[in-house]
Amino acid sequence: AATSVRQAEEAAAAEVEAARAQAARAAEAKSAAALEALAAEMNAVELRASQREEEVRAELALQNAAMRVALDSAHAAGAEAAAAEARAELSRLRALLIEAEATSSAAAEAAVA
């Protein structure tokens, strides 16, 4: 009877140890699954960050191109304004030349007369 009690105790102890080992394996598997899920989540976050970085770079490139177009337009407008001023100055100088020629002509005629 003592032997069968001891055998029962040993069997119970073996079952408890097997259950502990199974629980430990389950905990390890759960931890491994949790770590894999965390790694997958980190990869997804990294991918989104990389995509956002590319979007920001593309956005900056577009803004840079728009700024260059605006600067080119401003330079062109400035050149047009400068050309208009030069044409106005040329017209003024032509008027002065015509006036000077008329004055010179009148002086020459007065000298001859």
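Scroll up to find the structure.
In this text, all values refer to a predicted model and were calculated from it rather than measured experimentally.

A. Geometry of the overall build of the protein chain. Along its length, the protein chain carries one helix and zero strands. A globule of 113 residues ought to have a C-alpha radius of gyration of about 13 Å, yet the protein chain, at 48 Å, is considerably larger. Counting only C-alpha atoms and orienting by the principal axes, one finds that the protein chain spans roughly 165 × 10 × 10 Å. Counting every position in the protein chain, which comprises 113 residues, the buried fraction comes to 0%. A total accessible area of about 9,600 Å² is found for the protein chain, and carbon and sulfur atoms account for 62% of it. Between the mean site of the 11 positive side-chain charges and the mean site of the 19 negative ones, the protein chain shows a separation of 5 Å.

B. Main features of the pattern of salt bridges. Going through the model one piece at a time under the given rule, you end up with four salt bridges. Here glutamate 53 ties to arginine 57 by a salt bridge, and the two come within 2.8 Å at their closest N and O atoms. Of this pair, glutamate 53 and arginine 57 both sit in helix 1 (residues 2–112), four residues apart, which is roughly one turn of that helix. A relative accessible area of 41% places glutamate 53 in the partly exposed class. Across the pair glutamate 54 and arginine 57 runs a salt bridge, and its minimum N-O distance is 3.6 Å.

Each value, and the rule that gives it
- Residues numbered from 1 in each chain as written.
- Predicted model: local features only at pLDDT ≥ 70, side-chain atom pairs only at ≥ 80, totals over all residues.
- Heavy atoms only, no water.
- Helix = DSSP H or I, 4+ residues; strand = E, 2+ residues; numbered from the N terminus.
- Rg over C-alpha atoms; globule rule 2.2 N^0.38 Å.
- Buried < 20%, exposed > 50% of the residue type's maximum accessible area, 1.4 Å probe, protein only.
- Areas by Shrake-Rupley, 256 points an atom, 1.4 Å probe, with all protein chains shown as cover.
- Lys, Arg positive; Asp, Glu negative; His and termini not counted.
- Charge placed at Lys NZ, Arg CZ, Asp CG, Glu CD.
- Salt bridge = Lys/Arg side-chain N within 4 Å of Asp/Glu carboxyl O.

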